[in-house]
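What the coordinates show
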Amino acid sequence: FDFTTGYLRYDADWLSLTFGREQLLWGMGYQDRAVLSDNTVPFDFWKIDLRSNSVHYSFLHGSLVGQDSSGKQLSSKYIAAHRLEFNAGKSVRIGLNEAILYSNQPINFTMMNPLIFLTSAELSTEIPSTGSDAHNSLIWVDLEVMPDRNLRAFGSFLIDDLKLSTLNAHDITRNTNKFGWQLGLLWNDAIVPGLLVSGEYSRINPFVGTHWTNDNAYTHWNLPLGEALQPNSDAWRFRADYAVTSRFLLSGQVQFQRTGENIVDPV
């Protein structure tokens, strides 16, 4: 892969249309993001954005690169996603996100509908399927609270392959419900003017971002679309940036990470 980007955008203030390839960043977080991050390379997509005062709605359909469990490149892999971001009062910002990944089939026009509930569309008989778990569906909720002009608290909560009927299961079917979350704090002009301090905690439960087959994992070029952490991990991240002058910035970051052994059953 490479980092080549290029796109065509039409912007009419309340409406914008984008076609091309660029890096997309969705969701809260300042050291990492749970929804769409820069942990992978740019991918091709078309996107529509609608804005009205404090409400921002985005929908995209994009083409990804993936591999099956044997390492063979997929004939096709796509992501359809939308995000609704709005203010709840003067100091609270909420984001609601949904995504579907599907592969080895032609582009599906149901998934290109910007006003449809994607999880419901996934169950449509129009989409070729080998069962109810053929496609990877993910839902996120993120929140940012600003109690002070220089202070921001934020968090994200992810549900991968939500299925209410298996929430209390104790066999392999319980793997349809996988969770991850992130909490953080950002403090500007901390202690002295020009000092920016942030701390984040992320938890990615086992199998989050993966799927029953490797085809629809939440990845592009085997790189995560969201958090950099692999499944069955958690991490504390702390960062400080100090603007000595307008042209001289000092930065430092430390991370404490735990990752499970993720032993694969040879059978």
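Residues numbered from 1 in each chain as written. Predicted model: local features only at pLDDT ≥ 70, side-chain atom pairs only at ≥ 80, totals over all residues. Heavy atoms only, no water.

1. Some details on unusual backbone geometry
Rules: The helix and strand labels rest on DSSP assignments: H or I over at least four residues marks a helix, E over at least two residues marks a strand, and numbering proceeds from the N terminus. Exposure is judged per residue with a 1.4 Å probe applied to protein chains only, and the accessible area is read against the type maximum: over 50% gives exposed, under 20% gives buried, and values in between give partly exposed.
Here the phi dihedral of Asp189 falls at roughly 55 degrees; this positive angle occurs in a residue that is not glycine. Secondary-structure assignment places Asp189 in the loop between β9 (178-188) and β10 (195-204). Positive phi outside glycine occurs at Ile191, with the angle close to 70 degrees. Relative to the helices and strands, Ile191 is located in the loop between β9 and β10. Classification of Ile191 as exposed rests on a relative accessible area of 74%.

2. Considerations on a nonpolar patch on the surface
What counts, and what does not: Patches in this entry comprise residues that are over 30% relatively accessible and not in a salt bridge; like charges within 9 Å are linked, as are nonpolar side chains (Val, Leu, Ile, Met, Phe, Trp, Tyr) within 5 Å. Each accessible area value is a Shrake-Rupley result obtained with a 1.4 Å probe; residue values ignore everything except the protein chains displayed when judging cover. The term salt bridge refers to a pairing of a side-chain nitrogen on Lys or Arg with a carboxyl oxygen on Asp or Glu at a separation within 4 Å.
Nonpolar side chains collect at one region of the surface, where Val55, Leu84, Leu96, Val141, Phe157, Trp181 and Leu183 lie side by side and expose about 550 Å² of accessible area between them. Looking at the element boundaries, Val55 is found in strand β4 (residues 55-63). Since its relative accessible area comes to 35%, Val55 is described here as partly exposed.

3. Some words on empty space enclosed by the protein
Using the following cut-off: With a 1 Å grid spanning the protein atoms alone, the term cavity applies to any set of points in which a 1.4 Å probe fits but cannot get out, the term pocket to an open set with protein on both sides within 12 Å along at least five of seven lines, and the term lining residue to any residue with an atom within 4 Å of a point. Grid points are joined across faces, edges and corners, and a volume is the space filled by probe spheres set on the points. Gly is put with the polar residues, along with every residue not named as nonpolar or charged; the nonpolar set is Ala, Val, Leu, Ile, Met, Phe, Trp, Tyr, Cys and Pro, and the charged set is Asp, Glu, Lys and Arg.
Within this structure, the stated rule accounts for one cavity of 30 Å³ or more. In this structure, the largest cavity spans a volume of roughly 30 Å³. Forming the walls of the largest cavity are Trp26, Val35, Leu36, Ile79, Ala81, His82, Asn97, Glu98, Ala99, Trp140 and Tyr218. Listing elements by their share of the lining of the largest cavity, those giving two or more residues are β5 (77-87) and β6 (92-103). In the lining of the largest cavity, the residues fall into eight nonpolar, two polar and one charged.

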